[in-house]
Each structure stands twice: as structure tokens, then as C-alpha cells.
Amino acid sequence: MSSSEKSKTPSQNQLYGQSGKDSSSAYLMSIVQTLSSSADFEQREKEKTRIEKAYRESDKRLGELVANNYQDVTQILKAFNGMTKSINESRDKIRKIKEDLNSCKTLLHFKRDELRKLWKDGVEHKAVLSMLEQVEQIKEVQDKMNTYIANKHYLHATDMIVQAVAMLEGPLYGVDALRELKSDLINIKERMHETLIEELSKQIYERSLPSFSLQRGSQMRLSRKDASVWGWSDGLDSPRRAPKLEGSEMSSSKISYYEVKENLNSNPQDNLENFIAILTESLFALHKLPDGVERLKLSMKGSLNKLINTATQQIAESSGQQLDSMVNHVQPKYLNELLKLIFEQARYVAKTHQIFLNNVFRLTTSVSADHESSGMPLLSHVLYDIKDVWSEIQARLQILLSQYLDVRNTMSSRQQAPSGFDEPSMDISQYFSKKRPAKPKKVSLFRFDASQHAISVSSARQQIQQFEHLFSFQDALGLSDNWHIVKVCKPDAFNITAIYKPLRSFIVEVEEIMETSALQEFITDFVQNAFLGQVHAKVSENIEAATRADDYDGPSSFDALRNIIDEKTRRELGVPRPLLQSTVTVDSSIQELQDLMHDLPNYADQFLNMICNVLRDYKDKCNSAYRDIVQHGSDEKRIISSMWAKDDDISRFLRSLPSWRSLQPRQGKELDHTICSEEEMRALNSKEAIILISNLSTDESLIPQQEIITDVTQMRTVANVHESLEWFANRLDLFADSLTPQSSLAPLQEELPTELPPISDKTLQSLKQLVQEFKDLAEICLLLLHLEVRVHCFYYLLPVAKQSNYAGPIDDLDPDSNVLKLNKDLSGMEEMMTQSLQPKKFKYIFESLGYLVASILINSVQFLNKINENGIKKMCRNILAIQQNLTNITLTRESDLDRARHFYELLYMNPDEVLNAVAEKGPQFTLGEYQELIKLYHRSFAGNPVQVQDARMQRLHSVMEKGQNETLA
């Protein structure tokens, strides 16, 4: 086999394998080509033999396949025969139809004019039917419009009326039967924008505060093309888009757009932003958007007035009171509630205006740029922005506040007396004087010219003129119109205290939008130029009323410090003893100023300066009143107790005593005798007695009456001053501790989380200094009373020895008259101090008084010229009378007076017996006291030479030295 034959064999085998797939003709051609190309006979024979063999195999295989698939083959053959039959029948029908068409063509050719006429009649009838259908739809427009408007589907209503009028002025223009309907629909269209503007104003000013949410998925409305019931469009095929708010500023860079849709199956008011967009777009479709913007701008003032009046009515209804009667009552809390409601509504109004303005911005820029015929450029005098809205809100609030704060009356009263800050201080010390003042001039009680907020007379007038000019400027602008404001509380400048904090928070919000606030300027001017002066006048009036003396027809008058609070007030204050009315009044005024610091924290420094000025002036008047009590004579010489209280050594010693320390706050309990023993107490009392005696009993002179306080009422006044100033200083101390100085702030820290802002260090230091001065004056008053009682003992007991006769022949059973006067004086002071001082302070004053009296009586032995047995009895009766009186006062047995009585009873013995007793039992008195006793004995009993006295003195020295040595041993 040649190479060519070998190369052909695979292709032949492939042909055989694909015999079922190739056509018979192709197979035969392949065989013929093979046989013809072979030049060898033998080769052709072999090929023939092979083909025959393959044929037989194929025939055999075909027979097997037919036998196996006989039923299928039979069905295929039947189906093939049916298809062949159907094709033949169809060919016959097509041939017949073709013949019929040719016949029809021939017939139509002969009747073409008649058919053309019938076609034209059909087109005319179709147009008439369409117009009739449109007429029927036009007739239904009014009913559908009313339904849409009733359901507030304004966009559908607007589209319908616009398209209806366009249809009547277009395709249906010549229909005379629709002339009346056309006129009605045009009138509806012309009035449609009024309804839209009214609804827009209602949504801005009258709708209750909703939550702002934008639901896009559920809000649906048909497009203009789909909504048209007549199948036409006005050319605006693109969907409408409204701005989606992402901020408060109307800026194209901050406005994203969403499609405005109106769902007929839902309430359009559920989504405010979408509803405002619908109303705006409806106005735009009516070509009335400029009119709507201008109407809203012009009606802003009246709408805000109506909004505020409605809020006022709501507050009155919630309070359960008649609105007309509320103006007569001081109820600033209702004004606070009113402003909070107005602020909330103002925020809503401004936000709704912003939504409207954003839609206007969108429609007048994006849509009108693409559709020139629909664009309506707005003039600059018609447009407004959100700042105009906030300005009008502030103007309305300014007029409202000027009514509630009673600005005009406040300014007029301020102008009548502009020098309230600058008139010289009234010298109320004349009311504290013991002498009747000669017709004091009625001038202001306090001066504030040194305070930080004080103003001069000229500057005050100038600022008042500027502030009143502000109101005349409002009148010129029409801000102060004929708006009738029904008030929920009585107009008063002090209403600012109830509204300042929420008002300040609202102003901060406004300033974030507008950078500056006219309302803030108004409030600042009012507070600085009117309210501070009103506060000053009120404080001055209250304090002047409390410190004014009541004039009588008699030769004397009661000064203001004698006026104390009543029992009811004392219980309300929770104080154990009466306080001065003036102190309580000043404290009440200070408390009012403290409240003002909390109510108006931005002016805390000014009010604190005012507090310091009030305190400084009241301190001066208290000092002046104290001087009037303790001074006497034209040379202003002070009484003894006052000089001792001011004496550094005496004052320091008295303040070091345990009894004084027990009175101090945070230091004491009552004096604990386990800590300070009786011996130590006796030693301290002895030292006090020695100091006082050394100052008063060194010469033969007596204490003048003018150097003591003889009027118990004045002592009561001093006691009241002490209790009042101590209570007052403690309250001021707590107030000072609650303030935060500016120096305590860290460099990067603006303010501490306290209710009050940081206070000036200088002002706070002045306050603390004044508090300390009040404390010092209160302590001096208590020391004065402590010492005055002791000076009274000297005053009455020194004449007992210096002026009385104790060597008379008759036994006088009655105590000395000066002793009786002392007892009466002590009883009067005890009664007065029990009512005026706390028990621990009463105890401090009378404690150890018995030891002092005993020391005075023992020391007074040197002033006795002579004494006999009757005189000794009289002196003992004096001591016993004083002891009984002091026991009734202190409720403790004054054993120290027993010592004085024993001292004088030694005179019953001669000096030798006394010396023997000292030698046997030890000394009971000091060397000096024994010496004075021996001297008195020798003066009283004549016949004793000087040598005997000297010998007894010598023996006394030796006995005392021996006793001291035994004690040391």
C-alpha cells in the first residue's frame, strides 16, 4: 500500500464512522474520488471489496435498527406523511388567497373615492369622541379639586387646575359651551395661590411642634405626564426635586435633592419637609412663588404677634386663671413658662422658614435654569433669609420684654432720680447716738461711687438717653407697633431674674446663627442702665426703712439699733435670741443680691461689688453706733470697759482664757473642767482679777458715772449687736466660701462647674475682709459686756470701802446702799442678758464674777479707815447679800465669796491669833492681804505702838516664808 493510500485510510474510516451523519451523496462522491484516483486495479478491487463489506455491515446494522425501532419508524413515517399533506393543502390555500386578493384589488380600484370618504368620516368621529371625553373630564375638575384641597393634596390640585386651564385655552378654546366653566376654573386658579400661602403660613406659625423626619420611600405621587388625565404634558417631563436639609444655612453646596412626591393614600402633613416642598412647588407651578415669598415676608410681624398671643392664652389656660386678672399679680414663673414656650415655637418657626427658603432657592436656581418659561426670578427686595427671620423674632421679643420689664416706667423713675448712685451717704450714726439729732436731711443711705458698676451723674443721664433713644428708634422702625399685649404677670423690672437664664441660652443660639444679637444688646442696656439702679434703689429703701429712727415728742428718741425682730420672725430664722431688725433687713437685702448673682450670673461681679458697698456702709454705721454708746463727753472719751476691750494686753489675755475659747465655733465644747482643773481656773481668775484691780484700785479716786453704761437698754443694744453681727458674719462667711476666685482657675480652664462664674480676687478679698471686721466687732461687743459687768462691780464696791462707815456704835442690820445698788444692777443686767444672749455667752459673762467681787472686797480693806465689830458684821452682810444674788444669777454657789467673808471674820481675832492660825493651818490669803488686815486692825484699835505692828509684820513674813518652804519641800 502506497503512502497516499495510507493517508487516505483514516479519512475513509472517519467517513464510515460518520455515515449516519453525512449525506449519501457526499459519501458516494468520496468513493468515486477514491476509485478514480487509484491507478492499480488490485487496489480498486480491494477498495470495492471493502466497500461491499461495509455495505453489508451497514445493511445488517440498519436491519437491526429497524427491527429494534420499528414502532418509532412507523410513527415518524406517519407524521411525515401528515406534514407533507398539510403542506400541500396550505400551498393550495395560499394560491387561492392570492387569487382572491387580486380580485379584491381590482374591485377596490373601482370604488376608491367612496372608501376615502368613509375613512375621513371615521377620523372626524374619533376626534369628536375624544373632545367629548375631555369635556366630561373638565366638568369633573371642580369636584376633584375640592376633594384634593380638603385632603391637602395641593400638588395634585395644582397640576389639575393648571392643566385644565391650559386645555381650555388650548384645544377647547373655541367651545362656547365651556365658556362659563372656563371662567370659573380661571378664577379658581387665580385664587389657588391664596390658599397655598395661607396653608404655608399655617404650617410655619400655627402647627404644633412636630418631629422632623423625611420619609422618601413611602411618599409617592404621579409625575406630570402620568398624572395627566388627558395624556399631555406641559414640557416639564423631568421629576421635580426638593432640597434635603443638611444644615441651617441656605447654600447650594449644602443642599441635596430628592424627588417631591405626594401620596394620595396618606396625610401629607405627616412629613413637614415634604409638605413644605409640595406647597412651594405648587406656588411655583402657579407662577406665584414671588407673591408667596413677599406675603410671608410682610406678614411675619403680624404672624409672630399672633403666635405670642396664642402662647399667652395657652399659659393662662394651663394656670387655671383668668388672663385679664393675671396682670395684677406678681407671678414671674408664668412669664418664664411663656418665654420657654415662645422660644420653642420660635425655633420651629425659624426651621420651617429655612425649609421654605431652601425650596425657593432650589426652584429659582436649578429648575428655572433648565426651563426658562417656568422660571420666576425674585427681586432682592422680595427675598429674605433666615437672619431676617431671627431679627424679626428678636424684635417681637424685645417689645414683649419691654412690656413685662416695665422699661419705660423704670427708666422714667430712674431719670427722675439719676443721682442715686452718687449722692452723699446718709450719716445714720446720728440715729445710733444717745443725743437727739437735729432734723437730719433725707438723703440716700449708701454710696456706691467706689463700686465697679457705679456711674457718674452725667454718664447716667447719657446712658439713659441712649437707652430711651433705643425705644424711639423702635417706634421709627415700626417695631413698637399697636400690638396689644395681654400679660400673664405684673410688669416689673425684677421679672428679669426669673427669665434671664433661659433668655441667655436662647440668645446664645441666636448668636451662633447671626454672630451678634440685638436682643442681647437690649438686655445688656436694660440691666446696666435700669435694673442695677432699680436694685440699688430697692436695697437702699429697705435698709433706710430699717435703720430710720422713730421720732417722739419727748426729749429722747429710740435709735434704730433698739429695734429687734418679732418672735415670729425669730422662729422663722431659727435663731435662739432676738436679732436687730436692721441686721436682718441688711441680710435680707444681701440675700436678694446673692439671689441676683445666681439669677444673673453674667453680672455677679457688679452685684458682689454692691454687696461689699452695702456691707462697708453698714459696718461703718455699726462702728459709729458702737462709738456713740461707749463714748462720753465732748472730748469723745471712752468708757472704761471699751478701753479695756481695745487694750491689746487685756484683750489678748481674755481671748486666751478657756472660757472664751469654748465660745468659738469649731473649737469648743463647753469648758471641760477635767481638762482645766479648779486650781488652774482659780489661778486664771486670780490673774484676771489682778489685772483689772491694778487698773482701777490703785488710787483713792472713784469711777465717774459717765465712764460706765448706766442704761441697761444700751447694754441690751450691745448684746443684740453681738448676736446679730455674729449671726450675720457666719452667714456671710458661708457665702464667701461658696465663691470661686479667678486665680483658682487653671491656665487652660475657662470656668469651674459651679453655678456662679469666677469672681474677681480683689472683690472677694474685700468681702472676706468685711466679714472679718464684722466678726471682730461682734467679739468686741461680747468682751465689752464681760468687762462692763466687772466695771460695774468696781463702780459700786469701791465706795463701799472708801465712803461708808464701818466703825459706828450702832449695829446696822441692812447691807450697804451701794451693795444693794450693785445687786439691783446685776439683776437688771441678768434679766436683760438672759433675753438677749445665748446661755453659753451668759455663762461666760457672769462666770468667775464671784471671785472678782471677793478680790475687790478683800483688796478694798486698804481703803477702810477703821472697823469695829459692828462694821465687821455689816461687811459680812454685804458679802452675803452679793453671794445670794450671784447664786440666783449663776445657779451655782459662789464659794469664792466665802473666802472674802472669812477674810473679814479674821478681824474678830487679834493679829497674834491670826498669825498663830496661819502658822498652824497654813496661809489662806496672800502676804499683802494679811499685811493690810494687820494694818486695819492697828488703825481700828488705838493703843498699839508702831513697834508692835512692825514685830507682827516681821513675824508674818517669817511664817509665810516657812509655809512656802514647807510647801516646796
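As annotated in an unreviewed UniProt entry, the chain is Exocyst complex component Sec8 from Biomphalaria glabrata. We quote the UniProt Function (unreviewed entry) comment for the chain here in full: "Component of the exocyst complex involved in the docking of exocytic vesicles with fusion sites on the plasma membrane."

Enquirer: How do you make sense of the overall build of the chain when you look at a structure like this?
Expert: The helix and strand inventory of the chain stands at 37 helices and 4 strands. Burial statistics for the chain: of 969 residues in total, 45% are counted as buried. Here the contacts in the chain between residues at least 6 apart in sequence split such that 78% fall between residues at least 24 apart. Summed over all atoms, the accessible surface of the chain reaches about 51400 Å², with 50% contributed by carbon and sulfur.

Enquirer: I keep staring at the environment of Glu961 and nothing clicks. Help me out?
Expert: For Glu961, the location among the structural elements is in helix H37 (residues 946-968). Under the relative-accessibility criterion, Glu961 is labelled partly exposed at 47%. Sequence separation of Glu961 and Leu927 is 34 residues, and the distance between their C-alpha atoms is 9.6 Å.

Enquirer: How do you make sense of the environment of Tyr930 when you look at a structure like this?
Expert: Among the structural elements, Tyr930 can be located in helix H36 (residues 927-940). On the basis of relative accessible area, Tyr930 is assigned to the buried category, the value being 3%. Between the C-alpha atom of Tyr930 and that of Leu956, which follows or precedes it by 26 residues, the distance is 7.9 Å. Those residues in contact with Tyr930 that lie beyond four places of it in its chain are Leu906, Val914, Val918, Pro923, Gln924, Phe925, Leu956 and Met960.

Enquirer: I tried to follow the nonpolar core on my own but got confused; where do I start?
Expert: A general trend in soluble globular proteins is that nonpolar side chains are found buried together. Residues Phe531, Leu767 and Met833 are the most contacted members of the largest nonpolar core, which totals 224 residues. Residues contacting Leu767, with those up to four places away along its chain left out, are Leu608, Ile611, Cys612, Leu615, Phe735, Ala736 and Leu739.

Enquirer: Help me out: how do you make sense of the packing of helix H27 (residues 678-696) against helix H32 (residues 849-859) in this one?
Expert: Geometry of a packed helix pair, given as the angle between the helix axes and the separation of the axes. Interhelical geometry of H27 versus H32 gives an angle of 50° and a closest axis separation of 9 Å. Accordingly, the angle class assigned to the pair H27 and H32 is oblique. Two packed elements cross with a definite hand, and for H27 against H32 that hand is right-handed. From H27, Arg682, Asn685, Ser686, Ala689, Leu692 and Ile693 reach across to H32, where they touch Tyr851, Leu852, Ser855, Ile856 and Asn859. Of the residues contributing to the contact of H27 with H32, the split by class is 6 nonpolar, 4 polar and 1 charged.

Enquirer: Would you mind showing me how to read helix H23 (residues 604-630) here?
Expert: For an α-helix, 3.6 residues make a turn, and residues three or four places apart therefore share a direction. Along its 27 residues, H23 runs 38 Å from first to last C-alpha, staying within 8% of the 39 Å computed at 1.5 Å per residue. Most of H23 sits inside the fold, with 22 of its 27 residues counted as buried.

Enquirer: Whenever I open this one, the environment of Thr583 confuses me. Can you help?
Expert: Looking at the element boundaries, Thr583 is found in helix H22 (residues 581-599). On the accessibility criterion, Thr583 (0% relative accessible area) is buried. On a C-alpha basis, the gap between Thr583 and Ala546 in space is 8.6 Å, while along the polypeptide they are 37 residues apart. For Thr583, the side chain forms a polar contact with the side chain of Tyr618, separated by 2.7 Å.

Enquirer: Could you clarify how one ought to interpret a nonpolar patch on the surface in this entry?
Expert: A cluster of nonpolar side chains, namely Leu62, Val66 and Tyr70, defines an oily patch on the protein surface of about 300 Å² accessible area. One can find Leu62 in helix H3 (residues 41-68).

Enquirer: I'm lost on the pattern of salt bridges in this one. Help?
Expert: Side chains that differ in sign of charge can pair as their charged atoms come close. Going through the model one piece at a time under the given rule, you end up with 30 salt bridges. Put simply, Lys775 and Asp733 hold a salt bridge, and the shortest N to O gap is 2.8 Å. With Lys775 in helix H29 (residues 761-802) and Asp733 in helix H28 (residues 712-737), this residue pair connects regions lying 42 residues apart in the sequence. Overall, the relative accessible area of 19% leaves Asp733 in the buried class. Between Asp898 and Arg893 there is a salt bridge; the shortest N-O distance is 2.2 Å. With a relative accessible area of 10%, Asp898 lands in the buried category. Arg893 gets classed as exposed once you look at its relative accessible area, which sits at 56%. Here the residues in one salt-bridge network are Arg893, Asp898, Arg901 and Glu905, joined through shared partners.

Enquirer: Help me understand the confidence of the model for the chain in this model?
Expert: Predicted coordinates in regions of low pLDDT should not be interpreted in detail. Per-residue pLDDT for the chain averages 77, and the proportion of residues at 70 or more is 77%. Overall, residues 371-375 carries pLDDT values under 50, and its contacts beyond four positions in sequence, including any with other chains, amount to 9 contacts. Here residues 746-753 scores under 50 on pLDDT; set against residues more than four positions off or in separate chains, the count is 6 contacts.

Enquirer: Sorry if this is basic, but what is going on with unusual backbone geometry here?
Expert: Negative phi characterises most residues that are not glycine, and trans characterises most peptide bonds. Although it is not a glycine, Ser848 sits at a positive phi angle of roughly 65°. Here Ser848 lies in the loop between helix H31 (839-846) and H32. Even without glycine at this site, Leu891 takes up a positive phi of about 60°. Structurally, Leu891 is set in the loop between helix H33 (869-890) and helix H34 (896-905). Residue classification places Leu891 among the exposed residues on the basis of a relative accessible area of 71%.

Enquirer: Just to check I follow, could you spell out the packing of H32 against H33 for this structure?
Expert: Following both chains from N to C, one finds H32 and H33 inclined at 165°, their axes separated by 11 Å at the closest point. Judged by the angle between their axes, H32 and H33 are roughly antiparallel. In the crossing of H32 with H33, the sense of the turn from one axis to the other is right-handed. Taking contact as the criterion, the partners of Leu849, Gly850, Val853 and Leu857 in H32 are, on H33, Met875, Ile879, Ile882 and Leu886. Considering only residue class, the contact of H32 with H33 consists of 7 nonpolar, 1 polar and no charged.

Enquirer: Even after reading the chapter, I still don't get the packing of aromatic side chains, so can you show me in this structure?
Expert: By convention here, two paired aromatic rings are described through the distance between centres and the angle between planes. Inspection of the entire model under this criterion finds 17 aromatic pairs. Judged by centre distance (4.7 Å) and plane angle (40°), the rings of Tyr937 and Phe941 are tilted. An aromatic cluster is defined as three or more aromatic residues linked by ring pairs; in this entry it consists of Phe494, Phe526, Phe531 and Phe607. Just above the ring of Phe863 sits the side chain of Lys802; from NZ or CZ to the centre is 4.4 Å.

Enquirer: I keep staring at the side chain of Ser589 and nothing clicks. Help me out?
Expert: Here Ser589 is to be found in helix H22. For Ser589, a relative accessible area of 2% translates into the label buried. In this structure Ser589 touches Val539, Asn542 and Ile543, once residues within four positions along its chain are discounted.

What counts, and at which threshold
- Residues numbered from 1 in each chain as written.
- Predicted model: local features only at pLDDT ≥ 70, side-chain atom pairs only at ≥ 80, totals over all residues.
- Heavy atoms only, no water.
- UniProt positions renumbered as here; feature names shortened; annotations may be inferred.
- Helix = DSSP H or I, 4+ residues; strand = E, 2+ residues; numbered from the N terminus.
- Buried < 20%, exposed > 50% of the residue type's maximum accessible area, 1.4 Å probe, protein only.
- Contact = heavy atoms within 4.5 Å.
- Areas by Shrake-Rupley, 256 points an atom, 1.4 Å probe, with all protein chains shown as cover.
- Core = buried A, V, L, I, M, F, W, Y, C linked by side-chain atoms within 4.5 Å.
- Axes fitted to C-alpha atoms, helices over the stretch in contact; angles between N-to-C directions.
- Parallel < 35°, antiparallel > 145°, perpendicular 65-115°, else oblique.
- Left-handed = near helix turned anticlockwise from the far one by under 90°.
- Nonpolar A, V, L, I, M, F, W, Y, C, P; charged D, E, K, R; others polar.
- Expected span 1.5 Å × (residues − 1).
- Polar contact = N/O pair within 3.5 Å; in protein donor to acceptor, adjacent residues only side chain to side chain.
- Patch = residues over 30% accessible without salt bridge, like charges linked within 9 Å, V, L, I, M, F, W, Y side chains within 5 Å.
- Salt bridge = Lys/Arg side-chain N within 4 Å of Asp/Glu carboxyl O.
- pLDDT = per-residue confidence, 0-100.
- Phe/Tyr/Trp six-rings, centres within 6.5 Å; stacked < 30°, edge-to-face > 60°.
- Lys NZ or Arg CZ within 6 Å of the ring centre and 35° of its normal.

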